[in-house]
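Structural description and commentary
So the chains spell out like this:
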Amino acid sequence: MSQQSIPSMADMMAQGKQPEVLFWVGCAGSFDDRAKKITKAFARILLQAGVNVAILGKEESCTGDPAKRAGNEFLFQMQAMTNIEVLNGYEIKKIVTTCPHCFNTLKNEYPALGGNYEVMHHTQYLKELLESGKLKIEGGKLKGKRITFHDPCYLGRANGEYEAPRKLIETIEAEFVEMRRCKSKGLCCGAGGAQMFKEPEKGNKDINIERTEEALETQPEIIAAACPFCNTMMSDGVKNKEKEGSIKVLDLAELVEMAGDLSS
Amino acid sequence: MSFGIANIIFLAALIIAIAIFAKNAGKIRRNIMLGKDVNRSDRKGERWKNMGLVAFGQSKMVKRPIAGFFHILIYVGFVLINIEVLEILIDGVFGTHRVLASPLGAVYTTAINFFEVLAVLVIVACVVFLWRRNVQRLPRFHKDEMKGWPTKDGNYILIIEIVLMFALLLMNASEANMEAAVAGPYLVSQHLASFFSGMSQEGLHTAERVFWWAHILGILAFLNYLPFSKHFHIILAFPNTWYANLNPKGKFDNNETVTREVKMMMDPSADPYAAPAEGQAEPERFGAKDVMDLDWVNIMNAYACTECGRCTAECPANQTGKKLSPRKIMMDVRDRADIVGANIDANKGTFKDDGKSLLDDHISREELWACTTCNACVEACPVQIDPLNIIMKMRQYMVMEESSAAQELNLMMTNVENNGAPWQFAQADRDNWASEL
Ligand code: HEM
Ligand code: SF4
Ligand code: SF4
């Protein structure tokens, strides 16, 4: 499997080919060590399933989400329009991304600026691959594992997708436990709105601790996440509670890969 | 009864009450219109449906089943019992007494019986709400922003409702013992009739009149209380849901002025020194510093807010002890809009700068920067108010007009600008992971 690689759009273009879907990696997925593991897991699944996929590679740039949520509309639109030029230049029609923030921005905020694509979150895409039979989970290595799921705000409340991640957990035959606050009432991990990049305001607790405590109440073996930022926040929370030995925070792409023994 | 001085007094009271209400409601309308224009008249079909579901159908209200259930009692009770006000108006103006009783016959008796049952349910619901506020002391009613007037306001409304319902029941009860009763006795009030059993016919008649007047004058007084209360929601909840944002909650508006500027910058053929096009207004302020920089839906939201605190109860920042409370954001916008409105009234129709603004004088920066943009407040609001939209506009002002973001955020933005990522990594390393598959 490791001999396979994921082509860049520039390579594809040079060969006169067009991918069926572009994998938008996002900044965390490109640079953050923890998030890169998610990126690689998802890329391996795509290749395994025989998806004709490409990345922008060095031509990808921040969607502008953190700038926009910090209040810098100008920088956001600069980023957006630069990206749209690149995407439209390659005649991209369909995008999949492992980051709910990129997903939300590409899907909802790019169209008005001239970027019209079909945008999917990777949990939605994986669900489709499994449903169409392109991807099969054999082995069921996570069968019976106790898993809880933390809804990312920008996938859940922001875009109304609560089912795809839960469907994936069902498919890997894990023992699924909901947290008290879930789906539309899910508590934020504390990273959104550019909070990831600053110190929190004065309070009596960090938000990720509050959320981690809630996750721990379900006595999980695994806390499933679907966002690289939530992943960081929850991992930090678990470390803060000194539970990193017994409880893992894993992305759904990683769980699907682990469950299916896909890296044959 | 026949036409006389009482009818003139009634008509005068009615006209004065409606006139004062219209004046104050007009001021609220004017204050809402201080906001910038925004188009929320598209997708009309969906809007009607949404209003039907959320306002008439109370769909978000019942997400909290206890409050939802008792509120439906008050809401339905209020709407239906007010049908009776129609008769009171006719009687009051023409000097008739229970004018609909004989033409409607048995239907009338059934209707009044039904209203009486509703009145009892309304009283029960109001008592439950008073209990929740004052005995059970639900935390969402007792956050900092609720100190003083907002807490009193919440209690006054409930007490007034109870008083009005009792006036209605006692009015019917006093009639029950009257020889000249045109209708009744009724289901509930007959049990109250014993209060009046020892009275002379004249006394009964007077009692009936007293409660009749108490009921209608109470309603007119309550009407005039609305514009100064969170209870204005009984009117604004409807337009507020009709004009609600129908897009996915994660979709934030793109500022069109910025779009024009960015397009100009990116167009190699554009002349950067070109004079702005003819007729182009002076550049507007980015984001919002004061209520006039918000749009009218933001301000309508503020006047529609019921101060129920469901938004604040769900807010991750508030739950972890930060100063931010989305309800306070809405209350602050309303307070400031009232102040600006009063300023305009005092200065013959134009706003005279008072050296104050929504930012800093009402909403602190600390509150604004604590928001994670998680949309929990928007999701929670039973009237579909959007505090996040206001928070984002105020952040835009701080960043784009003042460049006053925290140092770490400025660093993040510099990185996005220079490296295409919020951290200091080289663009060239973006796809390093791809060689590690
Ligand atoms: C038109 C007739 C209506 C009447 C007479 C009415 C009456 C009341 C009263 C008396 C309260 C006070 C309860 C308390 O805070 O303790 C209240 C609260 C409230 N009302 Fe209404 N209302 C009406 C319409 C609506 C509509 C259409 C909505 C929209 C869904 C709405 C939403 C609310 C909310 C959210 C509260 C706060 C209650 C809580 O959650 O504790 N109301 N209403
Ligand atoms: S969007 Fe902001 S104000 Fe609203 S609940 Fe989330 S953190 Fe609180
Ligand atoms: S904004 Fe909505 S949820 Fe918050 S207090 Fe007002 S009515 Fe209640």
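Residues numbered from 1 in each chain as written. Chains lettered and ligands numbered in written order. Predicted model: local features only at pLDDT ≥ 70, side-chain atom pairs only at ≥ 80, totals over all residues. Heavy atoms only, no water.

1. Brief notes about the overall build of chain A
When helices and strands are tallied, chain A shows 11 helices and eight strands. The C-alpha radius of gyration computed for chain A amounts to 18 Å, which stays within 12% of the reference 18 Å derived for 264 residues, consistent with globular compactness. Taken along its principal axes, the extent of the C-alpha atoms in chain A is 50 × 45 × 30 Å. Out of the 264 residues belonging to chain A, those deemed buried represent 65%. Contacts spanning at least 24 positions in sequence make up 79% of the contacts within chain A whose residues lie at least 6 apart. With the model as given, the accessible surface of chain A reaches about 9600 Å², and the carbon-plus-sulfur share is 46%. Looking at chain A, you have 34 positive and 37 negative side-chain charges, and the mean spots of the two groups are 2 Å apart. (Helix = DSSP H or I, 4+ residues; strand = E, 2+ residues; numbered from the N terminus. Rg over C-alpha atoms; globule rule 2.2 N^0.38 Å. Buried < 20%, exposed > 50% of the residue type's maximum accessible area, 1.4 Å probe, protein only. Contact = heavy atoms within 4.5 Å. Areas by Shrake-Rupley, 256 points an atom, 1.4 Å probe, with all protein chains shown as cover. Lys, Arg positive; Asp, Glu negative; His and termini not counted. Charge placed at Lys NZ, Arg CZ, Asp CG, Glu CD.)

2. Remarks on the site of ligand 3
Taken together, Cys305(B), Thr306(B), Glu307(B), Cys308(B), Gly309(B), Cys311(B), Arg327(B), Met330(B), Cys381(B), Pro382(B), Val383(B) and Ile385(B) make up all the residues around ligand 3. Of the residues that constitute the shell around ligand 3, the class distribution is eight nonpolar, two polar and two charged. (Near = heavy atom within 4 Å. Nonpolar A, V, L, I, M, F, W, Y, C, P; charged D, E, K, R; others polar.)

3. Here's the deal with a nonpolar patch on the surface
Residue and element names in this part refer to chain B. Where nonpolar side chains cluster on the molecular surface, the patch consists of Ile5, Ile8 and Ile9 and spans about 320 Å² of accessible area. Along the chain, Ile5 turns up in helix α1 (residues 5-32). Ile5 gets classed as exposed once you look at its relative accessible area, which sits at 65%. (Patch = residues over 30% accessible without salt bridge, like charges linked within 9 Å, V, L, I, M, F, W, Y side chains within 5 Å. Salt bridge = Lys/Arg side-chain N within 4 Å of Asp/Glu carboxyl O.)

4. Considerations on the domain arrangement of chain B
All names here are of chain B. Taken domain by domain, chain B comprises domain 1 (5-32 + 64-242) and domain 2 (256-264 + 284-423). Taking only C-alpha atoms, the centre of domain 1 and the centre of domain 2 are 38 Å apart. In this assembly, domain 1 packs against domain 2 so that about 2300 Å² is buried in total across both faces, 52% of it on carbon and sulfur atoms. Of all residues in domain 1, Ile32, Glu145 and Asn240 bury the most surface against domain 2, accounting for 28% of the area lost on that side. Seen at the junction of domain 1 and domain 2, the total is four salt bridges. Between Glu145 and Arg327 there is a salt bridge whose closest N-O contact spans 3.0 Å. Across the domain 1-domain 2 interface, the total number found is 15 residue pairs in polar contact (both at pLDDT 80 or more). Elements that contribute at least two residues to the side of domain 1 that touches domain 2 include exactly α1 and α8 (233-242). (Domains from an automatic or database assignment. Buried area = accessible area lost by both parts, 1.4 Å probe. Polar contact = N/O pair within 3.5 Å; in protein donor to acceptor, adjacent residues only side chain to side chain.)

5. Thoughts on the side chain of Glu254(A)
Residues and elements named next belong to chain A. Tracing the sequence through the fold places Glu254 in helix α11 (residues 252-260). Relative accessible area serves as the criterion here: at 9%, Glu254 is assigned to the buried category. When sequence neighbours within four positions are dropped, the list of residues in contact with Glu254 reads Arg34, Lys37, Ile38, Ala41 and Asn231.

6. Notes on the environment of Ala41(A)
All names here are of chain A. Examined against the element boundaries, Ala41 turns out to sit in helix α3 (residues 33-48). C-alpha of Ala41 to C-alpha of Ile95: the two residues are 54 residues apart in sequence and 17 Å apart in space. Excluding anything up to four places from it in sequence, Ala41 contacts Ala253, Glu254 and Glu257.

7. Points about the coordination of the iron atom of ligand 1
Residue and element names in this part refer to chain B. Protein coordination at the iron atom of ligand 1: the donors are His71 (NE2) and His233 (NE2), at 1.9 to 2.0 Å from the metal. Around the iron atom of ligand 1, the six donor atoms sit at angles spanning 86 to 179°, and that spread fits a shape best called octahedral. Taken together, the residues span a long stretch of sequence, with His71 in helix α3 (residues 65-94) and His233 in helix α8 at a distance of 162 residues. Judged by relative accessible area, which is 17%, His71 ranks as buried. (Donors = N, O, S within 2.8 Å, 3.2 Å for Na, K, Ca; no water. Tetrahedral: all angles 85-135°; square planar, octahedral: opposite > 155°, others 65-115°.)

8. Digging into the sheet that holds strand β8 (residues 248-251) of chain A
Residues and elements named next belong to chain A. Spatially, the four strands line up as an open sheet ordered β6-β5-β7-β8, and their pairing is parallel. Each having just a single partner strand, β6 (175-176) and β8 make up the two edges of the open sheet. Pairing between strand β5 (residues 146-149) and strand β7 (residues 222-225): three bridges, direction parallel. Looking at the pairing, Phe149 lines up with Ala224 of β7. The sheet strands contacting helix α8 (residues 163-171) are β5, β6 and β7, and the helix crosses β5 at an angle near 175°. The sheet contacts of α11 involve β5, β7 and β8, and relative to β8 the element is tilted by about 95°. (Pairing = 2+ DSSP bridges. Axes fitted to C-alpha atoms, helices over the stretch in contact; angles between N-to-C directions.)

9. With respect to α11(A)
Residues and elements named next belong to chain A. By the criterion of burial, α11 is predominantly enclosed, with eight of the nine residues buried. Here α11 has its buried residues at Leu252, Ala253, Glu254, Leu255, Val256, Glu257, Ala259 and Gly260. The opening residue of α11 is Asp251, an N-cap whose side-chain oxygen sits 2.9 Å from the backbone nitrogen of Ala253.

10. Looking at the sheet that holds strand β4 (residues 118-121) of chain A
Residue and element names in this part refer to chain A. In spatial order, the strands read β2-β1-β3-β4; together these four strands make up an open sheet with parallel pairing. The open sheet is flanked by β2 (53-54) and β4, the only strands paired with a single partner. Judged from the two bridges that link them, strand β1 (residues 21-24) and β2 form a sheet pairing that is parallel. Bridge assignment links Leu22 to a residue of β2, and that residue is Ala54. Along the sheet, α3 makes contact with β1, β2 and β3 (94-97), crossing β1 at roughly 165°. Where helix α7 (residues 122-131) meets the sheet, it contacts β1, β3 and β4, and its direction lies at approximately 90° from that of β4.

11. A short note on the packing of aromatic side chains
All chains considered together, the criterion is met by 22 aromatic pairs over all chains. Aromatic pair Trp212(B) and Trp213(B): ring centres 5.2 Å apart, planes at 80°, arrangement edge-to-face. Ring geometry for Trp242(B) versus Tyr243(B): centroids 4.9 Å apart, planes at 80°, classification edge-to-face. Overall, Trp242(B) belongs to the buried group, its relative accessible area being 8%. Clustering of aromatic rings is evident, with ring pairs tying together Phe31(A), Phe197(A), Phe229(A), Trp423(B) and Phe425(B). One Lys or Arg, Arg69(A), reaches over the ring of Phe252(B) and ends 3.9 Å from the middle of that ring. Arg47(B) extends its terminal NZ or CZ atom over the ring of Trp242(B), reaching a point 5.8 Å from the ring centre. (Phe/Tyr/Trp six-rings, centres within 6.5 Å; stacked < 30°, edge-to-face > 60°. Lys NZ or Arg CZ within 6 Å of the ring centre and 35° of its normal.)

12. Some points on the state of the cysteines
All names here are of chain A. Counting across every chain of the model gives zero disulfides over all chains. The cysteine Cys27 is free of any disulfide, with Cys62 supplying the nearest cysteine sulfur at 4.2 Å. There is no disulfide at Cys153, and the cysteine sulfur nearest it, in Cys188, is 3.9 Å away. The exposure class assigned to Cys153 is buried, which follows from its relative accessible area of 11%. (Disulfide = S-S within 2.5 Å.)

13. Some remarks on the domain arrangement of chain A
Residue and element names in this part refer to chain A. Examined at the domain level, chain A breaks down into domain 1 (9-128) and domain 2 (136-260). Of note, the centres of domain 1 and domain 2, computed from C-alpha atoms alone, are 22 Å apart. Of the roughly 2200 Å² buried where domain 1 meets domain 2, counting both sides, 69% is carbon and sulfur surface. In terms of surface lost to domain 2, no three residues of domain 1 exceed Arg34, His101 and Thr123, which account for 23% of the buried area on that side. Inspection of the region where domain 1 meets domain 2 yields two salt bridges. In this structure, Glu254 and Arg34 form a salt bridge, with 2.8 Å as the shortest nitrogen-oxygen distance. For the pair domain 1 and domain 2, the number of links is 10 residue pairs in polar contact (both at pLDDT 80 or more). Broken down by secondary-structure element, the contributors of at least two residues to the side of domain 1 that touches domain 2 are α3, α4 (65-70), α6 (100-109) and α7.

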